[in-house]
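Structural overview
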Amino acid sequence: MYRIETDVHTHTLISLHAYSTAEECARHAAQAGLRGFALTDHCSLEMAQRENSIEAIFNQKVLPREIEGVRVWKGTEIDIVDFEGHLAFEDRPDRFHPGKTAAETFLAPLDVVIASVHTPFDRQPGTVEQNTRMYCAVLENPHVDILGHTGRSGHPFELRPVLETAKRLGKCIEINNASLLNYPDRSHDACLAIATACRDLGVQISVSSDAHSAFQIGCLDAALALLESISFPPELIVNRTVESFESFLHR
Ligand SMILES: [Zn+2]
Ligand SMILES: [Zn+2]
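My aim in this report is to walk through the structure given alongside it, one point at a time. The model shown is predicted, which means the values in this text are computed figures rather than measured ones. (Residues numbered from 1 in each chain as written. Chains lettered and ligands numbered in written order. Predicted model: local features only at pLDDT ≥ 70, side-chain atom pairs only at ≥ 80, totals over all residues. Heavy atoms only, no water.)

Re the layout of surface pockets
- Considering only enclosed or pocket space, the largest pocket measures out at about 360 Å³ in volume.
- What lines the largest pocket is a set of 21 residues, among which Arg 152, Asn 182, Tyr 183, Asp 210 and His 212 lie closest to the centre.
- In terms of residue count, helix α6 (residues 177–182) provides more of the lining of the largest pocket than any other element does, 4 residues in total. (1 Å grid on protein atoms, 1.4 Å probe; cavity = no way out; pocket = protein on both sides within 12 Å on 5 of 7 lines; lining within 4 Å. Points joined across faces, edges and corners; volume = space filled by probe spheres on them. Helix = DSSP H or I, 4+ residues; strand = E, 2+ residues; numbered from the N terminus.)

Concerning the environment of Gly 148
- Relative to the assigned elements, Gly 148 resides in the loop between β6 (146–147) and α5 (159–169).
- The buried category is assigned to Gly 148, whose relative accessible area is 0%.
- With residues near it in sequence (within four places) discarded, Gly 148 still touches Ile 114, Ala 115, Ser 116, Ser 153 and Glu 174. (Buried < 20%, exposed > 50% of the residue type's maximum accessible area, 1.4 Å probe, protein only. Contact = heavy atoms within 4.5 Å.)

What to know about the environment of Gln 130
- Within the secondary structure, Gln 130 is located in helix α4 (residues 128–140).
- C-alpha separation for the pair Gln 130 and Asp 82, spaced 48 residues apart in sequence, amounts to 9.8 Å.

A word on the coordination of the zinc ion (ligand 1)
- On the protein side, the zinc ion (ligand 1) has Glu 77 (OE), His 118 (NE2) and His 149 (NE2) as donor atoms, found 2.1 Å from it.
- Along the chain, the residues that donate to the zinc ion (ligand 1) are spaced as E-x40-H-x30-H.
- The distance between the zinc ion (ligand 1) and the zinc ion (ligand 2) is 3.4 Å, with Glu 77 acting as a donor to both metals. One end of the pair, His 118, is in the loop between β5 (112–116) and α4; the other, His 149, is in the loop between β6 and α5, with 31 residues separating them in the sequence.
- Residue His 149 is classed as buried on the basis of its relative accessible area of 1%. (Donors = N, O, S within 2.8 Å, 3.2 Å for Na, K, Ca; no water.)

Focus on the packing of α5 against helix α7 (residues 184–201)
- Viewed as axis vectors pointing N to C, α5 and α7 meet at an angle of 55°, and their least axial separation amounts to 10 Å. Looking at the two axes, α5 sits oblique to α7. For α5 against α7, the interelement crossing comes out right-handed. On α7, the residues that touch Leu 159, Arg 160, Leu 163, Glu 164 and Lys 167 of α5 are Ala 193, Ile 194, Ala 197, Cys 198 and Leu 201. (Axes fitted to C-alpha atoms, helices over the stretch in contact; angles between N-to-C directions. Parallel < 35°, antiparallel > 145°, perpendicular 65-115°, else oblique. Left-handed = near helix turned anticlockwise from the far one by under 90°.)

Some points on the packing of α7 against helix α8 (residues 221–229)
- Close contact between α7 and α8 brings their axes to 10 Å; oriented N to C, the two are set at 50°. Overall, the two elements α7 and α8 adopt an arrangement that is oblique. Handedness of the α7/α8 crossing: right-handed. Here His 188, Cys 191, Leu 192 and Ala 195 of α7 come into contact with α8, specifically with Leu 226, Leu 227 and Ser 229.
- Looking at the contact of α7 with α8, its residues break down into 5 nonpolar, 2 polar and no charged. (Nonpolar A, V, L, I, M, F, W, Y, C, P; charged D, E, K, R; others polar.)

Overview of the pairing of β5
- Extensive coverage of β5 is indicated by the burial of 5 of its 5 residues.
- Every second residue of β5 is oriented toward a common face, with Val 112, Ile 114 and Ser 116 on one face and Val 113 and Ala 115 on the other, all of them buried.
- Note that strand β4 (residues 70–79) and β5 share 5 bridges and pair parallel. Note that in β5 the partner of Gly 75 across the bridge is Val 112.
- Handedness of the crossover is the feature at issue here: the chain leaves β4, passes through helix α3 (residues 102–107), returns alongside β5, and the resulting connection is right-handed.
- Relative to β6, β5 runs parallel, the two sharing 2 bridges. Of the residues in β6, the one forming a bridge with Ala 115 is Leu 147. (Pairing = 2+ DSSP bridges. Right-handed = clockwise from strand over helix to strand, strands pointing away.)

See the structure below:
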């Protein structure tokens, strides 16, 4: 059985459709026996606070690095918005920093950036070729650390080119517990295929709850069962300890 000490994809009230504060998340993380968690509220033109999400995510400097004895990484889950792999707000000029885009200014200081596909873009499934190019381009973005829930986003892609790009750049692919719990029919086989290919190609993964309430922090059972079923090597799980996640972030 895996022992995972951190949960690196969680949401707070900042995401508006989630239900807990950062402090509540930390308390539940501590109760769940975790040593660290990442705040990764949505940065999105469609969900959360839309334009305001930039301000809230940028302002995470007001939060401590440790709450309730639990390490807190500051981050975001940012939307992939087109088949070229652009991210939300990537092309918006930053009002306060002339010559820079909003995404450049607020992504740079974050500890962790997850890039994921969400509605309404996920209603255009795209061709396998388009999706493969899109995910490779997202991985090439220097700000992006983790490709989020590719198993449930409805954008089928060619595994090898995307996973080899992740490996070459030292980035990781997320195995998302909420996908397996909430959308098992559309996620299970895709997540299994992705995890198996990561195992075979030696590509690093993160395992995350994608908690939208503090009560879900550290809920990783479905993802871990899937990994166990294929004897996934624990050393490829970047968030197995605080130290392994820190060294992944400083790669
Ligand atoms: Zn997501
Ligand atoms: Zn999420």
